[in-house]
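Structural overview
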Amino acid sequence: MIPVDGARPSWLRTPSARRDLLIIVGVATAFYVIAAQHPPFTSSLRYYEASREMATSGDWIVPHLNFVPYIEKPILVYWLGALSYSLFGGANWALHLPAFLPTVGTLIATWLLGRQITTPGRALAASLMLFGSAMTLGLSTFVLTDQLLTCALAFAWLAFWKHDRTVESGELGSWRWLFWLCIGVGFLAKGPIAIVLAGMAIGGYLFLKGGLRCVWNEGWALAPLRGLAVIALINLPWNWALWQRDPRFIEMFYIRTNFKAFSDGSINHPGPIWYYLVVVPASFMPWTLALLPAMTLALWRPLASTVSHWRGRIAVALWRGNIRNEATSDREQRLATLWLTSIVLFPLLFLSISASKLPYYPLPLYAALSLLIIDLLADRLTDPPRWLRWGLLVQAVFLVVGVGYYLLRIVEPRQLEQIDWQHGIPAAVGVSLVLLSLVIGGIMLARRQVVPGFVISGCGFVLGLALALPGILDVRRGVDARELAALALAESTVEDHWVIAESCAHDHSIVWTINRPLCVVGLPRELGMGLFTDATPQTEPLLNDPYKVQRSAAPEQSRLWTDFELAVRFRADRRVWLFTDEEHRDALRAAGLPIFEVGHTKRAVLLTNHKLVGNL
């Protein structure tokens, strides 16, 4: 996956932008054609379901999840998902387009930036390595907001670098307007974090480039006030329309989901400050151990160069940014690596300080990190260090042992019995191909064949994952409840009640399968804000924790059941289908309710209140 200039075949050594672009798009498309047949699953189902409800309801202002308002993220991902659903229907390959297309855009932006700061071969190699890494590749068929933010910021990194070159030449071009346009799109995709990450990267770069005076002078050259107007022009129409519908949505999104989540980990996904020191290297699987020293060196080298460049200068010269007495080519290269390093380090520092963390939050930083890694590896091809030669083989051994331990000691026998092995064979073949390619690639790296080793391991990883993904749901049978929901749906009528308990509130596979509103007993978790706002006037203030809303806070909300209502409905003539857990099931039985268990998964139990007469 890493064709570097000197080691490439002759037909690749001749620079050709069209050929390189076709390679990038072709590799990504080939993977997508094979892999995108898998249905939606895991927590990303909330975006698929909200997009489907938007397309079918015709409400393009307020996203809905489980048929109640759901304002946790900006609108762009739902617009793209609803547009794809409206144009192509519910085919699996169409559902994943809002994830795949931004991923391809990120690859192209990485390649374009690489061509500006390094050789065409290294730019191509960085783009392919980025795609072949686990985080980028794995998320290319799972809809989230992060791929859109990553794509927008990748083009913003390119636009700022082009703008910085015009400032260096004493001219101001139009690149800064492309930069602000990209930030505006990123804001519409993920929110204020787009401004924060870009500001951290640019501020850190300008400071390292020339001190505080450089931050002030070149920061104003970026026209920040007019740039904020561009961002507002892109985002205000939807925000205004949303505010007109219910002003509380603005408070929920900006105050709680963004600003409070930065300092309060209890709001959303807490993690320690060192969290990303583990996540970032792991995101570059299958090459983590081989690339970990390269990441460290690639990030340290430009910082050490800058410190060395400043050494011996008096403080006045430092703060004036007087660093122009070096050769032009050397200065360009130093600033280029410094810009890439700033994209990685300063936003990563912000993400590490934030109380809320998820593995894919650093995704916008990986384009720059890939370019830095490739640049460092290309300089070490003739005499590869020991960590590069043996890292991949050691990792392959760890993975083989890890997979074996998982199958023998962690996977429950009941889970293995639930697997449809006829459909799970492609997944098994895919995993085997990944492990085999890592072993072969690791052996080649150990024999100093660096480029072939990376190519074989990368190709095997991409192809193996492509084969495994379509069958992954069969392997995961028993994890979510869609199979139980489908069985019950065949026996149900339109008058039936569909209810989820608190333990199943995050399992959006249920509403995805039955496509009907679900009632909730207990705490509704992330559905709470929608259930509350849907049944209260706009003048009613939001609760401190909408995730824990109860019926007493929204008396008119008929879909928010109490335990007493559940007991009454279970004794009535109308059928109730309840998705809950084993502990709740036992409590209902102890209370003497008529309980008939339809089936169970690893995490959920499906109960009903009348004997079954069909195929269940």
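Everything that follows concerns the structure shown earlier in this document.
Since this is a predicted model, take the numbers as computed values, not measurements.

1. Description of the overall build of the protein
- The secondary structure content of the protein amounts to 28 helices and eight strands.
- Considering only intrachain contacts with a sequence separation of at least 6, the fraction spanning at least 24 residues in the protein is 76%.
- In the form shown here, the protein has an accessible surface area of approximately 26,100 Å², with 64% of it arising from carbon and sulfur atoms.

2. Structural notes on the pattern of salt bridges
- Evaluated as defined, the whole model comprises 16 salt bridges.
- The salt bridge partner of R46 is E526, with a shortest N-O separation of 3.0 Å. With R46 in helix α3 (residues 45–57) and E526 in the loop between β4 (519–521) and α26 (528–534), this pair connects stretches of sequence that are 480 residues apart.
- A salt bridge links R245 to D59, with the shortest nitrogen-to-oxygen separation between them at 2.7 Å. One end of the pair, R245, is in helix α12 (residues 224–245); the other, D59, is in the loop between α3 and β1 (64–65), with 186 residues separating them in the sequence.
- Here D59 falls in the buried class, since its relative accessible area comes to 15%.
- Through salt bridges that share partners, D164, R165, K209, E218 and E332 make up one connected network.

3. Considering helix α6 (residues 97–117)
- For α6, with 21 residues, the first-to-last C-alpha span of 30 Å sits near the 30 Å given by 1.5 Å per residue.
- Extensive coverage of α6 is indicated by the burial of 16 of its 21 residues.

4. Thoughts on the pairing of strand β6 (residues 576–580)
- Of all five residues that make up β6, five are buried, and the element is covered over most of its length.
- Neither face of β6 is exposed, since V576, L578 and T580 on one face and W577 and F579 on the opposite face are all buried.
- In the sheet, strand β3 (residues 497–501) pairs with β6 via four bridges, with the strands oriented parallel. Looking at the pairing, V499 lines up with L578 of β6.
- With four bridges joining them, β6 and strand β8 (residues 605–608) adopt antiparallel strand pairing. Of the residues in β8, the one forming a bridge with W577 is T608.

5. Some points on the nonpolar core
- Membership of the largest hydrophobic core comes to 154 residues, with the highest contact counts inside it found for F179, L291, W339, Y366, L369, I373 and F579.
- If we ignore the near neighbours within four places in the chain, the residues touching Y366 are L130, M135, V279, V280, S283, F284 and P359.
- V499, W561, A567 and L607 belong to the second largest nonpolar core, which has 15 residues in total.

6. So, a nonpolar patch on the surface
- On the surface, I273, W274, L277, V278, L349 and I353 cluster together into a nonpolar patch covering about 670 Å² of accessible area.
- Sorting the residues of the nonpolar patch by element identifies α14 (275–283) and α17 (328–353) as the ones contributing at least two each.
- With respect to the helices and strands, L277 occurs in helix α14.

7. A look at the sheet that holds strand β7 (residues 596–600)
- Taking strand neighbours across the sheet as the criterion, the six strands line up as β5-β4-β3-β6-β8-β7 in an open arrangement whose pairing is mixed. Strands at the two margins of the open sheet, each flanked by one partner only, are β5 (560–561) and β7.

8. Some remarks on the packing of aromatic side chains
- The final tally for this structure, using the stated rule, is 21 aromatic pairs.
- Between F160 and Y205, the ring centres sit 6.0 Å apart and the planes meet at 90 degrees, which makes this aromatic pair edge-to-face. Taken together, the residues F160 in helix α9 (residues 146–168) and Y205 in helix α11 (residues 193–221) connect sequence positions 45 residues apart. Note on accessibility: F160 and Y205 belong to one class, buried.
- Grouped by ring-pair contacts, the aromatic residues W157, F160, F179, W180, Y205 and W339 constitute a single cluster.
- Stacked on the ring of W512, the Lys or Arg R52 has its end atom at 4.5 Å from the ring centre.
- The ring of W161 has R165 sitting right over it, with the charged end atom 4.2 Å from the ring centre.

9. With respect to the packing of helix α10 (residues 175–190) against α12
- Packing of α10 against α12 brings their axes to within 8 Å, and their N-to-C directions diverge by 40 degrees. Taken together, α10 and α12 sit at an angle that is classed as oblique. In the packing of α10 onto α12, the handedness of the crossing is right-handed. Residues R176, W177, W180, L181, I183, G184, V185, F187 and L188 of α10 lie in contact with α12, whose contacting residues are P224, R226, G227, L228, V230, I231, I234 and N235.

10. Considerations on the environment of L289
- Tracing the backbone shows L289 in helix α15 (residues 288–310).
- For L289 and G391, which are 102 residues apart along the polypeptide, the C-alpha to C-alpha distance reads 4.9 Å.
- Leave out the neighbours within four places in its chain, and L289 touches W387, G391, V394, Q395 and F398.

11. Digging into unusual backbone geometry
- Here M285 and P286 are connected by a cis peptide whose omega angle stands at 15 degrees.
- Tracing the sequence through the fold places P286 in the loop between α14 and α15.
- One non-glycine residue with positive phi stands out, namely A223, at about 55 degrees.
- Its place among the elements puts A223 in the loop between α11 and α12.
- For A223, a relative accessible area of 5% corresponds to the buried category.
- The backbone of R525 shows a phi angle near 60 degrees, a positive value even though the residue is not glycine.

Rules used throughout
Residues numbered from 1 in each chain as written. Predicted model: local features only at pLDDT ≥ 70, side-chain atom pairs only at ≥ 80, totals over all residues. Heavy atoms only, no water. Helix = DSSP H or I, 4+ residues; strand = E, 2+ residues; numbered from the N terminus. Contact = heavy atoms within 4.5 Å. Areas by Shrake-Rupley, 256 points an atom, 1.4 Å probe, with all protein chains shown as cover. Salt bridge = Lys/Arg side-chain N within 4 Å of Asp/Glu carboxyl O. Buried < 20%, exposed > 50% of the residue type's maximum accessible area, 1.4 Å probe, protein only. Expected span 1.5 Å × (residues − 1). Pairing = 2+ DSSP bridges. Core = buried A, V, L, I, M, F, W, Y, C linked by side-chain atoms within 4.5 Å. Patch = residues over 30% accessible without salt bridge, like charges linked within 9 Å, V, L, I, M, F, W, Y side chains within 5 Å. Phe/Tyr/Trp six-rings, centres within 6.5 Å; stacked < 30°, edge-to-face > 60°. Lys NZ or Arg CZ within 6 Å of the ring centre and 35° of its normal. Axes fitted to C-alpha atoms, helices over the stretch in contact; angles between N-to-C directions. Parallel < 35°, antiparallel > 145°, perpendicular 65-115°, else oblique. Left-handed = near helix turned anticlockwise from the far one by under 90°.

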